[in-house]
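# Results of the structural survey
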Amino acid sequence: MKRKEFLKTFGWLIALPYLLFAGLMVRKHRQVSSARIIRLKTPNADGIYFYDDVIMIQKDQKLKLFSSKCTHLGCRINKIENGQLVCPCHGSSFGENGEVISGPATTALTELTYKFDPEKKELITEV
Ligand code: FES
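I will try to describe carefully the structure that is included in this document. (Residues numbered from 1 in each chain as written. Predicted model: local features only at pLDDT ≥ 70, side-chain atom pairs only at ≥ 80, totals over all residues. Heavy atoms only, no water.)

## Quick word on the pairing of strand β4 (residues 62–67)
Where a strand is regular, its side chains alternate between the two sheet faces. The criterion, for reference: Following DSSP output, two strands are said to pair if at least two bridges run between them. Going along the chain from the N terminus, every DSSP run of H or I of four or more residues is numbered as a helix, and every run of E of two or more is numbered as a strand.
Pairing analysis gives six bridges linking strand β3 (residues 54–59) to β4, with the strands arranged antiparallel. By the bridge assignment for β4, Ile55 is matched with Phe66. Counting the residues between successive antiparallel strands, the hairpin from β3 to β4 contains two residues, one of them, Asp60, with a positive phi of roughly 50 degrees.

## Remarks on the state of the cysteines
For the record, the criterion: Pairs of cysteine sulfur atoms within 2.5 Å are what we label disulfides. Here's how the labels work: a residue is buried when its accessible area is under 20% of the maximum for its type, exposed when over 50%, partly exposed in between, all with a 1.4 Å probe on protein chains only.
Inspection of the entire model under this criterion finds one disulfide. Here Cys75 connects covalently by a disulfide to Cys89, the sulfurs 1.9 Å from one another. Here the disulfide of Cys75 and Cys89 is left-handed, its torsion about the S-S bond being about -95 degrees. Of this pair, Cys75 sits in the loop between β4 and β5 (79–81) while Cys89 sits in the loop between β6 (84–86) and β7 (93–94), and the two are 14 residues apart along the sequence. What makes Cys89 partly exposed here is its relative accessible area of 37%.

Written out as structure tokens, the structure reads:
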């Protein structure tokens, strides 16, 4: 078999691992870069505040941010009942620290880290 025929026949087999690796890198990059940065005004008073993707809880001048995505199947948590965060889809409820109070969810809400921009008095977080 001549060199040209060999490359034509087995070239894809040689290139395949490199193509798979390149594909995985592109996919990983897309996952990393899909995070969105969100800026939120700091609240003036204690309370629970709902935004599209974030739940902000301020109590005794301590502030926590959680993803509003329910850990059961991903519905957006957007209401409070009896002081608990309640998912509208299947009724899971969560406490002020994101802990599960009742299922079907079994995992606490994802707490988000944030930075404070003192100039604009905004919180900056990523979801
Ligand atoms: S998606 Fe929230 S309880 Fe099912």
